[in-house]
Structure formats: C-alpha cells, structure tokens
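Inside the fold
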Amino acid sequence: MIKKQNRVKKHEEFQKIIRSKNIEKNNAYIVYYQKNEISTARVGISVSKKLGNAVVRNKTKRQVRHIVHNVLDKFRGADLVIIVRANYEKNNFSENQHLMEDILKKIRRKIDEQI
C-alpha cells in the first residue's frame, strides 16, 4: 500500500510533472517523472476510461500500486505520474510487472545523472 504522503493527488501536481516533459514509455505505460525537494518518492496513477469500466480501472490501479510499492524505496526525491495504456490489459500481471521494472530502472538512471 502506498501511503498518502507518497501519492500525487491534485490535478495541478499531475500537470506540473507532465509539463516537465521528462518521459519514458513502453507499450503498457507512460511514465512522467520529475525531481522533488522532499526525501520521499511520490506516485500518481492515471487509468483512462478507454481501458474499461470502474471495476477494471480500479483493479488496474491496485495492480500498478502493488508493482510500484515494491520498488518505491529506490526513488527518493522523485515524483512519478504513471499513465496506464490500453495494451496493459493484453499482458498478464508478470509481464506488466517486468515492463514497469524496466521503465523504472531507466528513470532511476536518468534521475541519478541529473544530480
């Protein structure tokens, strides 16, 4: 479970991170990222209505939160906005987990280079 202080919730915060134009993507996710001034990582998850009804979208968000929770400790000082693409439903959970881990490794490298 991702704690409340580790979530991006406000529309303005989402837009600020997206406007930073730091982006990584693959066929299941689009991830925008930005360094922050606090010592913890914050994550926002967005799932389009195109993916399915509320039940499907909430299930998808729970799965993505679970995947991100396992690697969140490595992202001290970063804000992430994860947008789930339609191809997410075509993959099984382990494939989606692998895709997320790959994209987060790339982001971690880029954030470390910015320091």
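In short, a report on the structure. Treat the numbers as computed from the prediction; the structure is a model and nothing was measured.

A few words now on the packing of aromatic side chains. In the structure shown here, the tally under the stated rule is one aromatic pair. Where Tyr29 meets Tyr88, the ring centres are 5.8 Å apart and the plane angle is 70°; that geometry is what we call edge-to-face. With a gap of 59 residues between them, Tyr29 in strand β2 (residues 29–35) and Tyr88 in the loop between β4 (78–84) and α3 (93–114) connect regions that are remote in the sequence. For the pair shown, Tyr29 and Tyr88 are each scored as buried.

Turning our attention to the nonpolar core. Where a protein is soluble and globular, its nonpolar side chains tend to be buried together. Of all hydrophobic cores here, the largest spans 27 residues; its most connected members are Tyr29, Val64 and Met100. At the level of elements, β2, β3 (42–47), α2 (54–69), β4 and α3 are the ones that each hand at least two residues to this core. Considering every element that reaches this core, the biggest residue donor is α3, with six residues. Counting residues in each nonpolar core, the second largest holds six residues, with Phe14, Ile17, Ile30 and Tyr32 among its members.

Below, the discussion takes up the layout of surface pockets. Considered as a void within the structure, the largest pocket measures approximately 250 Å³ in volume. Along its surface, the largest pocket is lined by 17 residues, and Ile45, Ser46, Val47, Lys61 and Arg65 are the ones closest to its centre. When residues of the lining of the largest pocket are traced back to their parent elements, those giving at least two are β3 and α2.

Turning next to the sheet that holds β4. Read across the sheet, four strands follow the order β1-β2-β4-β3 without closing on themselves; strand pairing throughout is mixed. Since the sheet does not close on itself, it has two edges, and those belong to β1 (23–25) and β3, each with one partner. On average, each strand axis in the sheet is tilted by 15° relative to the strand beside it, whichever way the strands run. Pairing of β2 with β4 involves seven bridges; the strand directions are antiparallel. In the strand pairing of β4, Tyr29 is matched with Val84. Here helix α1 (residues 11–19) sits on the sheet and contacts β2, β3 and β4; the angle it forms with β2, its principal contact strand, is near 90°. The strands that α2 touches are β2, β3 and β4; relative to β3, the one it contacts most, it runs at about 150°.

Side-chain positions along a regular strand alternate between the two faces of the sheet. Among the seven residues of β4, six are classified as buried, and the element is accordingly described as predominantly covered. Bridge count for β3 against β4 is six bridges, and the pairing is parallel. Looking at β4, one finds that Arg42 is bridged to Asp79. In this fold, β3 hands off to α2, which returns the chain to β4; that crossover is left-handed.

Criteria and cut-off values
- Residues numbered from 1 in each chain as written.
- Predicted model: local features only at pLDDT ≥ 70, side-chain atom pairs only at ≥ 80, totals over all residues.
- Heavy atoms only, no water.
- Phe/Tyr/Trp six-rings, centres within 6.5 Å; stacked < 30°, edge-to-face > 60°.
- Helix = DSSP H or I, 4+ residues; strand = E, 2+ residues; numbered from the N terminus.
- Buried < 20%, exposed > 50% of the residue type's maximum accessible area, 1.4 Å probe, protein only.
- Core = buried A, V, L, I, M, F, W, Y, C linked by side-chain atoms within 4.5 Å.
- 1 Å grid on protein atoms, 1.4 Å probe; cavity = no way out; pocket = protein on both sides within 12 Å on 5 of 7 lines; lining within 4 Å.
- Points joined across faces, edges and corners; volume = space filled by probe spheres on them.
- Pairing = 2+ DSSP bridges.
- Axes fitted to C-alpha atoms, helices over the stretch in contact; angles between N-to-C directions.
- Contact = heavy atoms within 4.5 Å.
- Right-handed = clockwise from strand over helix to strand, strands pointing away.

Geometry only, nothing functional implied.
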